[in-house]
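Coordinate inspection notes
This is what each chain is made of:
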Amino acid sequence: GEGGGDGGGGGAGRVVFHGVDATVVMVRRNASLAFLPGVSALARRVVAFPASRLEEGSPGSAGGGGRVVRERAGFGSLVRFLKRSSFDVAFSFYAGGPDDLVGVDAAAIAGVPTSVVYVGWTLAVPPGLPIDALELPSDVLLRIQQDAASPYSLVRIDSPVDFEAFDPARYPGGEQFCESGLGCHAARRLVVGRVSRLVSAKAPEAFVLAARRVKDELLRRHYAAQQEKAADLASAGIAAADGLGSALPLSPPPLPRFLLGGDGVLRAALERLVREEGVEDMVEFVGRVTDVPRFLSGLDIFLYPTFGDSFGYVVAEAMAMRLPVVSNQVGSLPELVETGVSGYLAPLKTLPGGASAMDDEVISELAAHVLRLLADPALRDAMGAEARAKLLKSKSRGDRGEAAGGTVWNDNRSLAAFADAHAELYARILVDNCGGGGGGLGTSARADPAAWANLATPRLPWLAEAKASRTGDSAAAAGRQPERGGEE
């Protein structure tokens, strides 16, 4: 998922828990199914739906013309797909965008009785939607919804890690990540790396600038040591003329490699920055990484400057591979990385107005943590072991009563526990929605569907047309039929 590039899809699978048999559809806008490891653990059948068609236009674009028409066609396709498949549960994702809840809208129109939304962003989900529960993968995201007095049931489910795939034992001794053009060397150098989309939010520029700080400090230490040794020889009466001084050339030290995995819109700018900073001999662009565990197995340190991560999947995967992590104290990362134990987190600077900044002081702190780890193999090993152990540690599953929002439903981060937690969640909601009671979410989870249906101003401009079509009000949609160009 962090390798760069976009796709689209939906997954479906039957789940049976406590006597409830349900079919679930997953709708995720503008992302690959591979991003969610839980899909393979839970789904009996996966159906790809071209959700990327919804990207052809913007709901708020002025004068949209054909672009918006194609978007309507894509939304209609999604609604029809949900209707004819007779799903019991719709599982959607919220990443902060106004059209990220397209799955909720489509499921409501198609008559899917249960809707669960995974919240992957630091914004409150708008009220008044037909949502049964919000799934929060971290405590910080849970608190954001609680502080906003969210009307929905809030459920904490820790995001999973595929511990079988991300197992350092599969790569004994580690592997130098060497492919054509990466400039591998006969003698192994220490490797610092990261993998993510090359976009501003992930702060890849800070990775390059930290590499420059590391290089400058290593060179300073190296030449200072050489000069000190030359001075000691000179004080002993040994000069270059004796043929010994020539054994002390000012040669550069072996420098660590900095592998930048992933691709994105900043690739060209980052390549220029590498040249400007003079770190071409250290920083290497790997491009899209298809085998993330193998890539991570070749690293000694995971350096991941970032402005924010709702959960931090790639950090968790690095920790599972026994890597010490150097990152920033943002989002949910403090829930994963314990500073001084499994890695280091550098706080961002807060600017007037509340914005965060990755200034020189922050980058220097990141570089200092990397230098400390580079110089101490025992510290790297100890922190890496603590990182994996933290992820594997089991938790006490809490009460499922009215305080369900404050408890973690899966007692560990395995795929099996993740799947079981969702099966239990779906079963409890379905029991509640069918009037059985005793579902365990406390009160009726779903916001009033009638109130949602009567909203004066739909959130999305084509929603009124879709609702009118569903209720048989053909006049509301007259003269606005989508073009048919074969794209459906």
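This report concerns the structure included in the present document. (Residues numbered from 1 in each chain as written. Predicted model: local features only at pLDDT ≥ 70, side-chain atom pairs only at ≥ 80, totals over all residues. Heavy atoms only, no water.)

1. A word on unusual backbone geometry
This is how it is decided: Each helix is a run of H or I in the DSSP string that is no shorter than four residues. Each strand is a run of E no shorter than two, and both are numbered from the N terminus. Burial status follows relative accessibility: with a 1.4 Å probe on protein chains alone, a residue under 20% of its type maximum counts as buried, one over 50% as exposed, and anything between as partly exposed.
Phi is positive for Ala149, which is not a glycine, with a value near 55°. Along the chain, Ala149 turns up in the loop between helix H4 (139–147) and strand E6 (153–156). Using a relative accessible area of 61% as the deciding quantity, one classes Ala149 as exposed. Although it is not a glycine, Ala203 sits at a positive phi angle of roughly 50°.

2. Quick word on the nonpolar core
For the record, the criterion: Here, nonpolar core refers to any group of buried Ala, Val, Leu, Ile, Met, Phe, Trp, Tyr and Cys residues whose side-chain atoms link them within 4.5 Å. The contact definition used throughout considers only heavy atoms, calling two residues in contact when any of these lie within 4.5 Å.
If you look at the biggest cluster of nonpolar residues, it comprises 89 residues, and the most contacted ones within it are Phe258, Leu296, Phe302, Leu303, Val315, Leu336 and Val370. Among residues more than four places away in sequence, those in contact with Leu336 are Phe311, Gly312, Val315, Ala316, Met319, Ser342, Lys390, Leu391 and Arg413.

3. Considering the sheet that holds strand E9 (residues 283–287)
Either a parallel or an antiparallel arrangement is found when strands of a sheet pair, and the pairing is made through backbone hydrogen bonds. This is how the line gets drawn: By definition, two strands form a pair when at least two bridges between them are found by DSSP. A fitted line through C-alpha atoms represents every axis, and for helices the fit uses only the stretch in contact; the resulting angles, taken between N-to-C directions, go from 0 to 180 degrees.
Strand order in this open sheet of six strands is E9-E8-E7-E10-E11-E12, and the pairing throughout is parallel. Taken across any chain shown, the strands that pair with only one partner, and hence form the sheet edges, are E9 and strand E12 (343–346). For this sheet, the mean inter-axis angle between neighbouring strands, taken without regard to orientation, is 20°. Bridge count between strand E7 (residues 191–195) and strand E8 (residues 257–261): five bridges; the pairing is parallel.

4. Side note on the packing of helix H8 (residues 313–320) against helix H11 (residues 377–392)
Going by this rule: Each residue gets one of three labels, nonpolar for Ala, Val, Leu, Ile, Met, Phe, Trp, Tyr, Cys and Pro, charged for Asp, Glu, Lys and Arg, and polar for the others, Gly among them.
Orientation of H8 relative to H11, taken along the N-to-C sense of each, is 115°, at an axis distance of 7 Å. Contacts between H8 and H11 involve Ala316, Met319 and Ala320 from the former and Gly384, Ala387, Arg388, Lys390 and Leu391 from the latter. Counted by class, the contact of H8 with H11 contains five nonpolar, one polar and two charged residues.

5. Considering the packing of helix H5 (residues 204–235) against helix H6 (residues 267–277)
Put simply, the rule is: Note on terminology: angles under 35 degrees are roughly parallel, angles over 145 are roughly antiparallel, angles of 65 to 115 are roughly perpendicular, and the others are oblique. Each crossing gets its hand from how the near helix is turned against the far one by less than a right angle, where anticlockwise is left-handed and clockwise is right-handed.
It is at 10 Å that the axes of H5 and H6 come closest, and there the two elements cross at 15°. When the axes of H5 and H6 are compared, the pair comes out roughly parallel. For the pair H5 and H6, the crossing hand works out as right-handed. Residues Pro204, Glu205, Val208, Leu209 and Arg212 of H5 form the contact with H6, whose participating residues are Leu270, Leu273, Val274 and Glu277.

6. Things to note about the pairing of E9
Note the cut-off: A right-handed crossover is one whose linking path, passing over the helix from the first strand to the second, runs clockwise when the strands point away from the viewer.
Extensive coverage of E9 is indicated by the burial of five of its five residues. The alternating pattern of E9 places Val283, Phe285 and Gly287 and Glu284 and Val286 on opposite faces, both of which are buried. Since E8 and E9 lie parallel, the crossover through H6 that links them has a hand, and here it is right-handed.

7. Focus: H4
Residues Val140, Leu141, Leu142 and Gln145 constitute the buried set of H4. One or two residues past the end of H4 sits Ala149, with phi positive at roughly 55°.

8. Some remarks on the pattern of salt bridges
Pairing between side chains of opposite charge can happen when the charged atoms of each approach one another. Short version of the rule: Here a salt bridge means any side-chain nitrogen of Lys or Arg lying within 4 Å of a carboxyl oxygen belonging to Asp or Glu.
Summed over the entire model, instances satisfying the criterion amount to 16 salt bridges. For Arg212, the salt bridge goes to Glu277, with nearest N and O atoms at 3.3 Å. Residue Arg212 is located in helix H5, and its partner Glu277 is located in helix H6; the two are separated by 65 residues in the primary sequence. A salt bridge links Arg221 to Glu217; the nearest nitrogen and oxygen atoms lie 2.8 Å apart.

9. With respect to the side chain of Arg156
Our working definition: In protein, a polar contact requires one atom able to donate a hydrogen and another able to accept it; more generally it is a pair of N or O atoms within 3.5 Å, and residues adjacent in sequence count only if both atoms are side-chain atoms.
By the element assignment, Arg156 lies in strand E6. Side-chain polar atoms of Arg156 contact the backbone oxygen of Leu136, separated by 3.2 Å. A polar atom in the side chain of Arg156 sits 2.8 Å from the side chain of Asp158.

10. Some points on the pairing of strand E3 (residues 89–94)
Most of E3 sits out of view: six of its six residues are buried. Here E3 shows two buried faces, one formed by Val89, Phe91 and Phe93 and the other by Ala90, Ser92 and Tyr94. Pairing between E3 and strand E4 (residues 114–119): six bridges, direction parallel. Residue pairing in the sheet places Ser92 in a bridge with Val117 of E4.

11. Let's talk about the side chain of Arg194
Within the secondary structure, Arg194 is located in strand E7. A polar contact of 2.8 Å, which involves the side chain of Arg194, links it to the backbone oxygen of Lys202.

12. Section: the packing of aromatic side chains
Two measures describe an aromatic ring pair: the distance that separates the ring centres and the angle between the ring planes. Stated formally: Put simply, two rings from Phe, Tyr or Trp (the six-membered ring, in Trp's case) pair if the centres are within 6.5 Å, and we call them stacked under 30 degrees between planes, edge-to-face over 60, tilted for the rest. Comment: the charge-over-ring label is applied if NZ (Lys) or CZ (Arg) is within 6 Å of the ring centre and within 35 degrees of the ring normal.
Using the criterion set out here, one finds seven aromatic pairs in the structure. Taking the centre distance of 5.5 Å and the plane angle of 50° together, the rings of Phe93 and Tyr118 count as tilted. Of this pair, Phe93 sits in strand E3 while Tyr118 sits in strand E4; the two residues are 25 residues apart in sequence, bridging distant segments of the chain. Note on Phe311 and Tyr313: the rings are 5.0 Å apart at their centroids and 75° apart in plane angle, and the pair reads as edge-to-face. Among the residues examined, Phe311 registers a relative accessible area of 3% and is labelled buried. Owing to a relative accessible area of 8%, Tyr313 belongs among the buried residues under this scheme. Directly above the aromatic system of Tyr344 lies the positively charged group of Arg372, at a separation of 5.3 Å from the ring centroid.

That's the geometry; what it means functionally is another story.
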